[in-house]
Amino acid sequence: MINGFDPAAAPELATGLAPGLADLVRRRAELLGPAYKLFYKTPVEFVRGSGVHLYDPEGIEYLDAYNNVPSVGHANAHVAEAVSRQLLQLNTHTRYAAAPILDYAERLLATHAPELGNVMFTCTGSEAVDLALRVARAGTGQTGIVVTANAYHGVTSAVAEVSPSFGPGVPLGAHVRTVRAFESLADGVAEAIADLERHGIGFAALIVDTIFSSDGVWTDPLGFLRPVADVVHNAGGLFIADEVQAGFARTGEAMWGYQRHGIVPDLVTMGKPMGNGMPIAGIAARPELLAEFGARARYFNTFGGNSVCVAAASAVLDVIEADGLQSNALLVGRYLRDGLTELAGQHQAIGEIRGAGQYTGVDILNAAGQPDGELAVAVVNGLRERRVLISATGADGATLKIRPPLPFGRSHADQLIEALDSALSLSNADAG
Ligand SMILES: Cc1ncc(COP(=O)(O)O)c(C=O)c1O
């Protein structure tokens, strides 16, 4: 895992941890087992969050330029009040009639393309993708799925099979083909569909994260998904836009990543920022697809779309609108990338800078100008020492991933750039 804490690889670091942290690390290993990973060479413990900041047990403040789940800010008061009010009133499931879920559905669907007339609720993005795959397969009668080469779509058995970023330890399904995210995507998808068909597997759907986050953040040129959607539809398949990363105003240019590209997907999956940390996710769909699915299957998700999570999700939309977070994302994202471009003039290690709104990828290069995953992880850890949180992404982990809560402002961007300048200066000195 990129930027994972590995006590086995560096026992001297594990033994050098502060006693309180060392105890937490030991108890995690004992209680939670080995599949859970901590971030950073020296993990960090947090006890409180507020806005774009997190605080460790000593009260030391960290700038959060990484977490997109608390997208309207950590410990947002409007969301917290909506959740506690609803908890004290009613919290039940989708088998009783109630107005709030319908009011929220109307509000949410109004942000989507008019062709997407239905919404279904789940608890996690993985469940949403899992459901979208079921709907797509029911709607087309086919099973073949095309994904990008380093895609991540989640954790259920079916979804792990379409998530190549897990690496060779988690096999892809026999009905799955991969395409490179950033070059001739439409041609790649056409070849992948042909290859499925050559193996007797009918094509059901292409699923893409519309900001290609785990593939290294690919945002431009605008509209590059249009010919891809044409290839998919001409082959009789469906386009699934995974908006778990790009959605809910993050790109600044639109509420949803697919809208930046001027396409209308057949299915959309949503999650992470939807409830600002309350577990709510879901799909938006063309009604005719759900008609086909619903004729064969019923759907009930015990916690999916419960009253409290719907209250949280509705409060999230309130804050996005009231605080102008989409335009803030647009303006601050541009400001940040302008600052990074200026900084690139002083640091050979900074390569291409890509992004939209509050989603930025920065390629990190070695002295020969090649992607350098080790240096990128060193930079991520250098920023952690300077109390700024980011991560790295891409197949070789050589792209810095900057994805803060949406209220991130210009002064926060300045702080990040200053810390990056300092971390890169130190890395250069180390290399020299
Ligand atoms: C693009 C994308 N899709 C789906 C998921 C799965 O969401 P969850 O972790 O809520 O199951 C993720 C999670 O990181 C994601 O990034």
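Going by the structure above, here's the rest.
Predicted model only: the values in this text are computed from it and were never measured.

A. Quick look at the environment of Pro404. Position of Pro404 relative to the elements: it lies in the loop between strand E15 (399-402) and helix H14 (410-431). Through-space distance from the C-alpha of Pro404 to that of Ala65 is 3.8 Å; in sequence the pair is 339 residues apart. Setting aside its immediate chain neighbours within four residues, Pro404 contacts Asp64, Ala65, Tyr66, Asn67, Arg250 and Gln358.

B. Inspection of the site of the ligand at higher detail. For the ligand, the full set of nearby residues is Thr124, Gly125, Ser126, Tyr152, His153, Gly154, Asp209, Asp242, Val244, Gln245 and Lys272. Separating an oxygen atom of the ligand from a side-chain N or O atom of Ser126 is a distance of 2.5 Å. In the environment of the ligand, an oxygen atom lies 2.9 Å from a nitrogen or oxygen atom belonging to the side chain of Lys272. Isolated, the ligand exposes 390 Å² of accessible area, and the fraction of that covered by the protein chains is 84%. Residue classes in the shell around the ligand are distributed as two nonpolar, six polar and three charged.

C. Geometry of the packing of helix H3 (residues 77-87) against helix H11 (residues 307-322). Interaxial distance between H3 and H11 falls to 8 Å at its minimum, and their mutual angle equals 155 degrees. As far as their axial angle goes, H11 and H3 are roughly antiparallel. Crossing geometry of H3 relative to H11 is assigned as right-handed. In this structure, H3 uses His78, Val79, Ala82, Val83, Gln86 and Leu87 to contact H11, whose residues at the interface are Ser307, Val308, Ala311, Ala312, Ala315, Val316, Asp318 and Val319.

D. Highlighting the pairing of E15. Of the two faces of E15, both are covered, the one formed by Thr399 and Lys401 as well as the one formed by Leu400 and Ile402. Bridging between strand E12 (residues 359-364) and E15 involves four bridges; their strand directions are antiparallel. Along E15, the bridge assignment pairs Asp363 with Thr399. With three bridges joining them, strand E14 (residues 391-393) and E15 adopt antiparallel strand pairing. Its bridge partner being in E15, Ser391 is matched across the sheet by Lys401. With antiparallel pairing between neighbouring strands as the criterion, E14 and E15 make up a hairpin whose turn holds five residues, including Gly394 at a positive phi of roughly 95 degrees.

E. Representation of the sheet that holds strand E13 (residues 388-389) in the model. The strand order E1-E2-E3-E13 describes an open sheet built from four strands, whose pairing is mixed. Whereas interior strands pair on both sides, the edge strands pair on one side only; in this sheet they are strand E1 (48-50) and E13. Judged from the three bridges that link them, E1 and strand E2 (residues 53-55) form a sheet pairing that is antiparallel. From the neighbouring strand, Ser50 faces E2, where its bridge partner is His53.

F. Region of the structure containing the pairing of strand E5 (residues 144-148). Among the five residues of E5, five are classified as buried, and the element is accordingly described as predominantly covered. Note that E5 and strand E7 (residues 203-209) share three bridges and pair parallel. Within the sheet, the bridge partner assigned to Gly144 lies in E7 and is Phe203. Note: E5 against strand E6 (residues 176-179), four bridges, orientation parallel. Bridge assignment links Ile145 to a residue of E6, and that residue is Val176.

Procedures and definitions
Residues numbered from 1 in each chain as written. Predicted model: local features only at pLDDT ≥ 70, side-chain atom pairs only at ≥ 80, totals over all residues. Heavy atoms only, no water. Helix = DSSP H or I, 4+ residues; strand = E, 2+ residues; numbered from the N terminus. Contact = heavy atoms within 4.5 Å. Near = heavy atom within 4 Å. Polar contact = N/O pair within 3.5 Å; in protein donor to acceptor, adjacent residues only side chain to side chain. Areas by Shrake-Rupley, 256 points an atom, 1.4 Å probe, with all protein chains shown as cover. Nonpolar A, V, L, I, M, F, W, Y, C, P; charged D, E, K, R; others polar. Axes fitted to C-alpha atoms, helices over the stretch in contact; angles between N-to-C directions. Parallel < 35°, antiparallel > 145°, perpendicular 65-115°, else oblique. Left-handed = near helix turned anticlockwise from the far one by under 90°. Buried < 20%, exposed > 50% of the residue type's maximum accessible area, 1.4 Å probe, protein only. Pairing = 2+ DSSP bridges.

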